[in-house]
Amino acid sequence: MTTAPASDAPVRDRQSLFAALEAELAQGASRGADALAPHAAGGLERAARHLAQTRSPIALFTGFYVAHAERPAAETDGPLTVLAIAEALSALGREVVIVTDAPCAPVLERLVAEAGLPASTLFTPDAADALDPALKARGVETVFAIERPGRAIDGRCYSMRASDLSAHTLAFDAVFSPRSGYTRLAAGDGGNEIGMGALPKAALFTHIDQGQTIASATGADALIVAGVSHWTSYALAAAMRHVAPEDAAVWRDAVSDARECHRLSAALSAGAVDGVTALSAPTIDGLPLETHLAKRDALMALANANRPA
């Protein structure tokens, strides 16, 4: 029997692990994410490795405005995840810029303050063309969008219900252009977010409700597809167990029960609403925090069961 060289085994084991993490990440509460995830294979590992290795400032983008809520505000999905990532990176000595627009700013302002990050961490540009010069002035080389509306083929931004959000959304898509010069990371769950344009149009149109209208045309160099975008920080924390074991404890602490509960409470106190129910309730995409924490534990269990020697 012919056997593979011993040096191939770690590669195959790593590939199997990340395939398992991506499959678990896309399952549950899915609006088609499980069908889209195979088209983004490898995105989680590429994103995690880049975050672990880069030393230049990183810009994190989020904020999905729920215009039809009784009290319109940013949704809970997205900002909490960005803050978890920002806290982990900051604890590791990396410089972070959090970017949103004016309608979503109150929720992000509260979260930044609650995390003890400098107020200057949050950047809310007045116009889209002010964004690129500001990021370059800060030395940003990596942009990472998590649950942020992306422009569709017609140039407009849409909700999952195909409502036009353009009047409430400052388009950040230009810095995610392949010609922007930035390393472009992204995460989403509904097909209408920045980064999802990296997927084949046929897949978006087939697996996303009203995909031909709402699907984002803006891509990314590494795309993470999740059943709920909130799980992105959990997947990265699990991935760091293998990609950067020396940093894993910091990432795990950033998504601890206490920190997750505190962030959700802070977001709600600033007016955030659930993007699915449009209610100011302690849920994310219609699911209680306990369900999200169970997904975190499932991802961490996969990583721990396959931890490097």
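Note that this is a predicted model, so its numbers are computed, not measured.

A. Just unusual backbone geometry, in detail. A positive phi angle, close to 60°, is found at Gln-210, a residue other than glycine. Counting through the fold element by element, Gln-210 comes out in the loop between helix H7 (201-207) and helix H8 (211-214). Phi at Ala-278 takes a positive value of approximately 65°, unusual for a residue other than glycine. With respect to the helices and strands, Ala-278 occurs in the loop between helix H11 (257-269) and strand E9 (283-284). On the basis of relative accessible area, Ala-278 is assigned to the buried category, the value being 13%.

B. Representation of the pairing of strand E4 (residues 96-99) in the model. Neither face of E4 is left uncovered, since the one carrying Val-96 and Ile-98 and the one carrying Val-97 and Val-99 both have all their residues buried. Pairing of strand E1 (residues 58-61) with E4 involves four bridges; the strand directions are parallel. When the bridges of E4 are listed, Ile-58 appears paired with Val-96. Pairing of E4 with strand E5 (residues 122-123), which is carried by two bridges, proceeds in the parallel orientation. Of the residues in E5, the one forming a bridge with Ile-98 is Leu-122.

C. Representation of the sheet that holds E5. Within the open sheet, the six strands sit side by side as E5-E4-E1-E6-E7-E8. Their pairing is parallel. Here the strands that pair on one side only, and so sit at the sheet edges, are E5 and strand E8 (222-225). Where helix H3 (residues 43-53) meets the sheet, its contacts fall on E1, strand E6 (142-146), strand E7 (183-188) and E8, and the angle it forms with E8 comes to roughly 120°.

D. Local environment of the confidence of the model for the protein. The pLDDT averaged across the protein works out to 94; a share of 95% of its residues lies at or above 70. Counting interchain partners and residues more than four positions distant, the pLDDT-below-50 stretch residues 1-7 has one contact.

E. Region of interest: the nonpolar core. Core analysis: the largest hydrophobic core is formed by 62 residues, its most contacted members being Ile-98, Phe-144, Leu-236 and Trp-251. Excluding anything up to four places from it in sequence, Trp-251 contacts Leu-51, Ile-85, Ala-88, Leu-89, Leu-92, Leu-236, Ala-237 and Met-240. Of all hydrophobic cores here, the second largest spans 18 residues; its members include Ala-152, Tyr-158, Ile-214 and Ala-215.

F. Expanded view of the pattern of salt bridges. Scanning the model with the defined rule gives 14 salt bridges in all. The shortest N-O distance in the salt bridge between Arg-263 and Glu-87 comes to 3.1 Å. You can see Arg-263 sitting in helix H11 and its partner Glu-87 sitting in helix H4 (residues 79-91), a full 176 residues away along the chain. Accessibility classification places Arg-263 together with Glu-87 in one group, the buried group. Salt-bridge contacts for Arg-296 lead to Asp-297; the nearest nitrogen and oxygen are separated by 3.0 Å. In this structure Asp-297 comes out as partly exposed when scored by relative accessible area, which is 37%. The network of salt bridges with shared partners includes Glu-87, Asp-253, Arg-259, Glu-260 and Arg-263.

Cut-offs and rules
- Residues numbered from 1 in each chain as written.
- Predicted model: local features only at pLDDT ≥ 70, side-chain atom pairs only at ≥ 80, totals over all residues.
- Heavy atoms only, no water.
- Helix = DSSP H or I, 4+ residues; strand = E, 2+ residues; numbered from the N terminus.
- Buried < 20%, exposed > 50% of the residue type's maximum accessible area, 1.4 Å probe, protein only.
- Pairing = 2+ DSSP bridges.
- Contact = heavy atoms within 4.5 Å.
- Axes fitted to C-alpha atoms, helices over the stretch in contact; angles between N-to-C directions.
- pLDDT = per-residue confidence, 0-100.
- Core = buried A, V, L, I, M, F, W, Y, C linked by side-chain atoms within 4.5 Å.
- Salt bridge = Lys/Arg side-chain N within 4 Å of Asp/Glu carboxyl O.

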